[in-house]
Amino acid sequence: MAVGVFDLFSVGIGPSSSHTVGPMRAAAVFAGELKDSGALERVASLRVDLYGSLAATGRGHGTMTAVLLGLEGYHPEVILPDEVEERLASIAETGTLNLAGAADPASGVPLPYGEGDMILHPLTVLPRHTNGMKFAVSDAEGAVLHEATFFSVGGGFIVREGEEDAAQKELDESKKELPLPFRTAAELMGRCSSKGLGISDIMFINERASRSEEEIRAGLLHIWSVMEECVAVSLKREGVLPGGLRVRRRAPDWHERLLKEDKDRDPKYWQEWVNLIALAVNEENASGGRVVTAPTNGAAGIIPAVLYYALNFAPGMDKATQQDKDDVVVKFLLAAGAVGVLYKEQASISGAEVGCQGEVGSASSMAAAGLAEVMGGSPGQVENAAEIAMEHNLGLTCDPIGGLVQIPCIERNAIAAAKAINAAKMALWGDGTHRVSLDEVIVTMRETGRDMSSKYKETAMGGLAVNVVEC
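Residues numbered from 1 in each chain as written. Predicted model: local features only at pLDDT ≥ 70, side-chain atom pairs only at ≥ 80, totals over all residues. Heavy atoms only, no water.

Account for the pattern of salt bridges, with residues named and values stated.
All told, the structure shown has 16 salt bridges when counted by the stated rule. Between Arg160 and Glu33 there is a salt bridge, with its nearest N and O atoms 2.0 Å apart. In this pair, Arg160 sits in strand E8 (residues 157-160) while Glu33 sits in helix H2 (residues 17-37), placing the two residues 127 residues apart along the sequence. Where Glu261 meets Arg257, a salt bridge forms, and the shortest distance between an N and an O atom there is 2.7 Å. Residue Glu261 and its partner Arg257 are located together in helix H11 (residues 251-261), separated by four residues, close to a single helical turn. (Salt bridge = Lys/Arg side-chain N within 4 Å of Asp/Glu carboxyl O. Helix = DSSP H or I, 4+ residues; strand = E, 2+ residues; numbered from the N terminus.)

As structure tokens, this is what we get:
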């Protein structure tokens, strides 16, 4: 299906969309196929091979545990953090995996599992993508019953080996069914011009090809509610983040201080609140909590932080009704989603493929577009805002210390949120004309990622990951 706003904003668990959500989704698909094939009862052994970036930073990103949960049949959209902890504790205690048994434990197959059943190949990159994984199950005689290779290509999206061309063909065909399809910013601007509509309007019309207006609105408001709940949960958690780096949670203390210093929501504190929201979301993500990919987990705090700014600090919002605020949420996410489609279609949102410019850069660009849209920007100004934000994230590397989505990822979200707000403000002070187009900067991001050393693409083999002592 054509990429839509609900593909770019989906509910999942932390800490990574490409290394946690994608692998869990792929493993769940494999388990479902095995169950449907009728061969489940004959399974006696399991083997999982993880390649490239999944193997290099899988431990810090929760890839191994996500795969186990997926093999049990759990999907990232519905599993809750408490369920994650419960099932992982059970697997560790019993050494047994309940293969394909999530929906009905009695229908699953208890399968002995040990660390030797998951093989890591950090220096081997499969041709399609650096985030490759292979699943295989055999019977008691060693005969392979079912096997499949998947790639986690960013933002929780997965592709099966051998079906890449078919998937692209299906995507192209489904786009033909859209009332106002676009692949490039130039095409999007052309649609806006010919129809006299804004960017969020174009996206809304396309979404109506598969959902009713009520479903779209309710779905987007639900996405925002999950973002808000993520912040609320994070602000109640204290202590340090898991993983060994001993990174202290800052959001609860910062929130307490802000409540004391800014009792009346003074506009001069806007950046402190934006920083707080971004940090809160990404601290929750780093602990494996429930977040919204926006468009990835590693960049999950940027859009919530900028949307929070729009709802609380944009001109006129102090007098806005709840209906007005809901309208802002819907319009913001639709405009941001339209820009996200451009990155997904023309480049990549995978840190393992193009570095953090594809994650934080894309999210900053999407957020800038959303903010410019709800602040009354023309299509040209909205495109300019998105372009400015990405232009100043070009070349951003992905170098997580210890393979954890903590340093520099958490602070990077706060910085990128502020960039997005500044980009929107700069664009709105202009008339929409600009020298560098959004398409040009997206192509530049893709080519920069292609030329970037693999050390700086979510492998924890370069940058801060090797120059900062972990303990």
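I'd like to hear about the packing of aromatic side chains, residue by residue, with values.
Scanning all chains against the criterion turns up five aromatic pairs. Members of the aromatic cluster, joined through ring pairs, are Phe30, Phe135 and Phe150. The ring centre of Trp273 lies 4.1 Å from the NZ or CZ of Arg265, which sits over that ring. One residue, Lys425, lies across the ring of Trp270, its end atom 4.9 Å from the ring centre. (Phe/Tyr/Trp six-rings, centres within 6.5 Å; stacked < 30°, edge-to-face > 60°. Lys NZ or Arg CZ within 6 Å of the ring centre and 35° of its normal.)

Break down the packing of helix H14 (residues 322-346) against helix H19 (residues 438-451) for me, citing the residues and quoting the values.
As a packed pair, H14 and H19 sit with axes 10 Å apart at the nearest point and diverge in direction by 45°. Viewed along their axes, H14 and H19 adopt a mutual orientation that is oblique. As H14 runs across H19, the sense of the crossing is right-handed. Across the interface between the two elements, Leu342, Tyr343 and Gln346 from H14 touch Leu438, Asp439, Ile442, Val443, Met445 and Arg446 from H19. Looking at side-chain class alone, the contact of H14 with H19 contains six nonpolar, one polar and two charged residues. (Axes fitted to C-alpha atoms, helices over the stretch in contact; angles between N-to-C directions. Parallel < 35°, antiparallel > 145°, perpendicular 65-115°, else oblique. Left-handed = near helix turned anticlockwise from the far one by under 90°. Contact = heavy atoms within 4.5 Å. Nonpolar A, V, L, I, M, F, W, Y, C, P; charged D, E, K, R; others polar.)

Run through the packing of helix H17 (residues 379-391) against helix H18 (residues 409-428), naming residues and quoting values.
Where H17 contacts H18, the two axes come as close as 8 Å, and the packing angle between them is 140°. When the axis of H17 is compared with that of H18, the two are oblique. Of the two elements, H17 crosses H18, and the hand of that crossing is right-handed. Of H18, the residues touching H17 (which contributes Gln381, Asn384, Ala385, Ile388 and Ala389) are Ala423, Ala424, Met426, Ala427 and Leu428. In terms of residue class, the contact of H17 with H18 is made up of eight nonpolar, two polar and no charged.

Just give me the short version of the layout of surface pockets, but keep the residues and values in it.
There is about 780 Å³ of room inside the second largest pocket. Forming the boundary of the second largest pocket are 37 residues, of which Arg59, Gly62, Thr65, Ala66 and Leu88 lie nearest the centre. Taken together, the elements giving at least two residues each to the lining of the second largest pocket come down to H2, helix H4 (58-61), helix H5 (63-71), helix H6 (81-94) and strand E5 (118-121). Partitioned by chemical class, the residues of the lining of the second largest pocket number 19 nonpolar, 14 polar and four charged. (1 Å grid on protein atoms, 1.4 Å probe; cavity = no way out; pocket = protein on both sides within 12 Å on 5 of 7 lines; lining within 4 Å. Points joined across faces, edges and corners; volume = space filled by probe spheres on them.)

Which residues make up the UniProt feature "domain: Serine dehydratase-like alpha subunit" (unreviewed entry) in the protein, and what values do they have?
Per the UniProt entry, the sites bearing "domain: Serine dehydratase-like alpha subunit" (unreviewed entry) are residues 195-465 in this numbering. Helix and strand shares over residues 195-465 are 61% and 1% respectively, and the end C-alpha atoms of the span are 49 Å apart. (UniProt positions renumbered as here; feature names shortened; annotations may be inferred.)

Outline the environment of Ile421, listing residues and values.
In this structure, Ile421 sits in helix H18. A relative accessible area of 0% means that Ile421 is categorised as buried. Between the alpha carbons of Ile421 and Ser365 there is a distance of 9.8 Å; along the sequence they are 56 residues apart. With residues up to four places along the chain from it excluded, the contact list for Ile421 reads Trp270, Val274, Val306, Tyr309 and Leu371. (Buried < 20%, exposed > 50% of the residue type's maximum accessible area, 1.4 Å probe, protein only.)

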